[in-house]
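Structural overview for review
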Amino acid sequence: MKTIVIVGAGFSGTALAVNLLRMATPGSVQLVLVNRSGAQARGVAYGTRSAKHILNVPAGNMSALPDHPGHFLEFCARTDPLVRPESFVSRERYGSYLAWLLDQSALGKQHYLTRIEAEVDAITPTASAAGAPRWRVQLGGARVVFADEVVLAVGNFPPRNFPVPNQAFYDSRRYIRDPWSPGALDSIPSDAGVLLLGTGLTAIDVANVLARADGRRKCYAISRRGLLPQPHRCIRPGRAPEAGDDLRRAMGSDVRTYVRAIRATIRHARETGADWRDVLGALRAHTPSLWACLSLKEKRRFLRHVQPFWDVHRHRLAPEAHLYFHGALHAGDIALIRARVLDYQAFEQGIQVTIRRRGVAEPEALSVEYVVNCTGPTSDLRAIDDPLFAQLRSDGLLRSDALGLGLEVDDRYQCLGHTLAPVDGLRYLGPLLKARYWEATAVPELRVHAQALARELLADT
């Protein structure tokens, strides 16, 4: 019996465990699902209890099973028959779906699945003889699990602290580095002014929770360009989307041609009554190949000049979240600032933030009581201070990609070590696949990777 240890029980780890339980022949696999907290199957993204945290993907495209696209809708219909494919439901409900799916997949197979709540302190290769387990997984409390395969299915890491002269500010109680950590926002008084670093999806989620219609709190959201995510359509059109294959062929292999081809296709789509969202949607299946076609120089050019605009159009908001946020903007409860943060100075009563607005030479001071980092998760392994990943990097078992987007893996999801050789039996599944595939952060992509990895793991059982 092959023992597979899955480190992390958010979406990626849960989806992988579900696929393995559904696909494995009885008695062929023993799964060990390890999570540092007890909220297995929910993770950070779906552990929220706030009704204002809504999925940014329509319910019709949120099935965890690629071969059963209506699975999540069927789950929703059990309690709410009004949920439609175009509906945007709460993240809490999706977390309940994942927990239910894991339980259902384990029915009659409980003895093949072990769930452990523990921190993974280290993962090291064993010196055992051929045929013996290849990996030693050291858990907190001196517990050890031996495995034939280890899958790192950890999700997103907290945002990075950006360089400012006063680095000591980041130790202040008035600075919240990770707004998704449990209870992170609870310490902010109802009348405290808050500066949100970033204007993307995380910033809007946090703003929608913190903004108050009674005017007692002022929120500021700051980024260099002040770009905001575009909304999904409230109603899906009946027309067919733009042909992705034709667009892909017109895009060539450099960023300039990519942008020109997409713009031209969007102009044509408007003339025929279609929508730019159809064009980007048609590209979704081609994104990994488009990313792979770019040279390292062209990838850097994309990240520097195009990514901010791509992100706000590609990663869209639920219509409800968009309306709520823009209502708060219109009412003055939230202010959008296009500027750079130059420094912070914390005082007993608050924080003075020095900023320089876009197109203005002179800096200015902004007074708030709290600063929340909403710039999004860190993907650069060189900036991640997680002890487990530090150990794996130090032992030469993991390698960051040249652009700091995630992990280097091969086409079988095996991690590449410092020598660029695949590390046999150590694999990765999760958003750090962005380094190889670019599109690897949302359920529609991760569910496909989870199924593909499950097949790889079961290939020799």
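Residues numbered from 1 in each chain as written. Predicted model: local features only at pLDDT ≥ 70, side-chain atom pairs only at ≥ 80, totals over all residues. Heavy atoms only, no water.

**A few points about the environment of Asp460**
With respect to the secondary-structure elements, Asp460 resides in the segment after helix H13 (443-458). Residues Asp460 and Ser28, spaced 432 residues apart in sequence, show a C-alpha to C-alpha distance of 9.8 Å. (Helix = DSSP H or I, 4+ residues; strand = E, 2+ residues; numbered from the N terminus.)

**Notes on the environment of Asp410**
Relative to the elements of secondary structure, Asp410 occurs in the loop between helix H11 (387-394) and strand E15 (414-416). With 256 residues separating them along the chain, Asp410 and Val154 place their C-alpha atoms 18 Å apart. Among all residues touching Asp410, those that are not within four sequence positions of it are Leu416, Pro422 and Arg436. Reaching out from Asp410, the side chain makes a polar contact with the backbone nitrogen of Gln414 at a distance of 2.8 Å. (Contact = heavy atoms within 4.5 Å. Polar contact = N/O pair within 3.5 Å; in protein donor to acceptor, adjacent residues only side chain to side chain.)

**Focus on the nonpolar core**
By size, the foremost hydrophobic cluster in this structure holds 80 residues, and its most contacted members are Phe72, Tyr94, Ile123, Leu152 and Leu426. When residues no more than four places from it in sequence are discounted, the contact partners of Leu152 are Val7, Ile123, Leu388, Phe389, Leu392, Leu398, Leu426, Arg427, Tyr428 and Leu429. Listed in part, the 27 residues of the second largest apolar core include Ile188, Ile204, Cys219 and Ala328. (Core = buried A, V, L, I, M, F, W, Y, C linked by side-chain atoms within 4.5 Å. Buried < 20%, exposed > 50% of the residue type's maximum accessible area, 1.4 Å probe, protein only.)

**Topic: the confidence of the model for the protein chain**
In regions of low pLDDT, the predicted coordinates are not meant to be interpreted in detail. Model confidence for the protein chain is summarised by a mean pLDDT of 92, while 96% of its residues fall at 70 or above. No element of the protein chain has a lower mean pLDDT than helix H5 (residues 244-250), at 87, and none a higher one than strand E7 (residues 149-152), at 98. (pLDDT = per-residue confidence, 0-100.)

**What about helix H6 (residues 255-271)?**
Over its 17 residues, H6 extends 25 Å from the first C-alpha to the last, a length consistent with the 24 Å expected when each residue adds 1.5 Å. Every buried residue of H6 is accounted for by Val255, Tyr258, Ala261, Ile262, Thr265, Ile266 and Ala269. The arc enclosing the buried residues of H6, seen along the axis, measures out at 135°, which places them on a common side. Pointing more than 90 degrees away from the buried face of H6 are the exposed residues Arg256, Arg260, Arg263, Arg267 and Glu271. Elements in contact with the buried residues of H6: H5, helix H7 (276-283), helix H8 (287-293) and helix H9 (296-314). (Expected span 1.5 Å × (residues − 1). Arc of directions from axis to C-beta.)

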